[in-house]
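Single-letter residue listing:
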Amino acid sequence: MSDLRKMLHDNDTRFVHWAGQLSDDDWQQPSLCMGWRNHDVLAHLVVGYRASGTELGRYLLRYRGSFDRANSAFSIDVARRRSPGALLDEFSTLIRRPRGVGRVFPRRLLLGDHVIHELDIAFALKRTPAVTPAALIAVLNTQVRVPNPFVPATARARGLRLRATDVDWTHGDGVRAVTGGAAQLASVLAGRPWALQYLSGGGIDELRARLASDSTANLIAP
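All of these numbers come straight from a predicted model, not from anything done at the bench.

Chemist: Any chance you could explain the domain arrangement of the protein chain here in plain terms?
Modeler: Bring the parts together and some accessible area is lost; that lost area is often taken as the interface size. If you check the domain split of the protein chain, you get domain 1 (3–125) and domain 2 (133–220). A straight line from the C-alpha centre of domain 1 to that of domain 2 covers 22 Å. Contacts between the two partners involve 21 residues from domain 1 and, on the opposite side, 20 residues from domain 2. Taken over both partners, the interface formed by domain 1 and domain 2 buries close to 1800 Å², and the fraction arising from carbon and sulfur atoms is 76%. At the junction of domain 1 with domain 2, the criterion picks out one salt bridge. In this assembly, domain 1 and domain 2 are joined by one residue pair in polar contact (both at pLDDT 80 or more). Looking at the side of domain 1 that touches domain 2 element by element, the count peaks at 10 residues for helix α7 (residues 107–124).

Chemist: Mind showing me how you'd approach helix α5 (residues 67–81) here?
Modeler: Because an α-helix completes one turn every 3.6 residues, residues spaced three or four positions apart along the sequence face the same direction. The terminal C-alpha atoms of α5 lie 21 Å apart, and with 15 residues this matches the ideal 21 Å at 1.5 Å per residue to within 8%. Ala-70, Asn-71, Ser-72, Ala-73, Phe-74, Ser-75, Ile-76, Asp-77, Val-78 and Ala-79 are the residues of α5 that are buried. Lining the buried residues of α5 we find α3 (38–50), α4 (53–62) and α6 (84–96).

Chemist: Which parts of the structure should I look at to understand the pairing of strand β3 (residues 176–180)?
Modeler: Taken residue by residue, a regular strand's side chains alternate between the two faces of the sheet. Of all five residues in β3, four are buried; the element is thus mostly enclosed. The sheet contact formed by strand β1 (residues 160–164) and β3 spans five bridges and is parallel. Each bridged residue has a counterpart across the sheet, and for Ala-164 the counterpart in β3 is Gly-180.

Chemist: How should the sheet that holds β1 be read in this particular structure?
Modeler: Strand pairing within a sheet occurs via backbone hydrogen bonds; the two strands may be parallel or antiparallel. Strand order in the open sheet formed by three strands is β2-β1-β3, with mixed pairing between adjacent strands. Strand pairing shows two members of the sheet lacking a second neighbour, β2 (170–171) and β3, which therefore form its edges. Where helix α11 (residues 204–213) meets the sheet, it contacts β1 and β3, and its direction lies at approximately 85° from that of β3.

Chemist: Help me out: how do you make sense of the nonpolar core in this one?
Modeler: When a protein is soluble and globular, its nonpolar side chains tend to lie buried together. Ranked by size, the top nonpolar core spans 68 residues in total, and within it Phe-15, Phe-91, Leu-119, Leu-162, Trp-169, Val-178 and Leu-199 carry the most contacts. Residue contributions to this core peak at eight residues, all from α7. Two domains each put at least three residues into this core: domain 1 (3–125) and domain 2 (133–220).

Chemist: I keep staring at the pattern of salt bridges and nothing clicks. Help me out?
Modeler: Proximity of charged atoms lets side chains of opposite charge pair with each other. Taken as a whole and assessed by the stated rule, the structure comprises 12 salt bridges. Between Arg-62 and Asp-77 there is a salt bridge, and its shortest N-O distance comes to 3.9 Å. Of this pair, Arg-62 sits in helix α4 while Asp-77 is found in helix α5, placing the two residues 15 residues apart along the sequence. Owing to a relative accessible area of 16%, Asp-77 belongs among the buried residues under this scheme. The partner of Asp-120 in a salt bridge is Arg-192, with the nearest N and O atoms 2.7 Å apart. Of this pair, Asp-120 sits in helix α7 while Arg-192 is found in the loop between α10 (182–189) and α11, placing the two residues 72 residues apart along the sequence. Classification of Asp-120 by relative accessible area gives buried; the value is 0%. The structure contains a network of salt bridges with shared partners spanning Arg-50, Arg-82 and Glu-90.

What counts and how
Residues numbered from 1 in each chain as written. Predicted model: local features only at pLDDT ≥ 70, side-chain atom pairs only at ≥ 80, totals over all residues. Heavy atoms only, no water. Domains from an automatic or database assignment. Contact = heavy atoms within 4.5 Å. Buried area = accessible area lost by both parts, 1.4 Å probe. Salt bridge = Lys/Arg side-chain N within 4 Å of Asp/Glu carboxyl O. Polar contact = N/O pair within 3.5 Å; in protein donor to acceptor, adjacent residues only side chain to side chain. Helix = DSSP H or I, 4+ residues; strand = E, 2+ residues; numbered from the N terminus. Expected span 1.5 Å × (residues − 1). Buried < 20%, exposed > 50% of the residue type's maximum accessible area, 1.4 Å probe, protein only. Pairing = 2+ DSSP bridges. Axes fitted to C-alpha atoms, helices over the stretch in contact; angles between N-to-C directions. Core = buried A, V, L, I, M, F, W, Y, C linked by side-chain atoms within 4.5 Å.

Right, here's the structure in full:
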């Protein structure tokens, strides 16, 4: 098992334990993803591990090729049919045996997707994230180095000097600095303006402006 594959497996396994402690009321609360409850976020994680190309194609056809709308509707439909407990059980199985797009989607991007969505749940519930420093560093490195057609984090970070205050991670050498916790930096780069309040530095206004001008910011990330 590659280091990245193992990190994804370990992160997902830890997430199942963490999420299993949430109450029924917690799952019904709104997440940081616009229009999604925490329950819908969990359904999205399951969909990402087992959706078939045929299923995705059907939703894309229904929503005239809009991936964001198809992705949202797919996840919400699954949440309507499955309880959080049932979804967590399925997710546990899929960690070991992903199906459909989950078998071919890059592990690096899956790790980022899973970590960011856990932060969406944890921050919305005002809980301290349990993501490991190593996983957060891996996600931040992916965000600033690997172009992602769904989450333009590389463009948001361009020209800024980013520094995490709680892990050993820096990026960029620009004059405009942004500092803060690794989880908060990752959340903002993924398009969640909520976490801006926990960052500081001369580059904050620029980063805020980039999020404000970006139509994908604070929307549901795949």
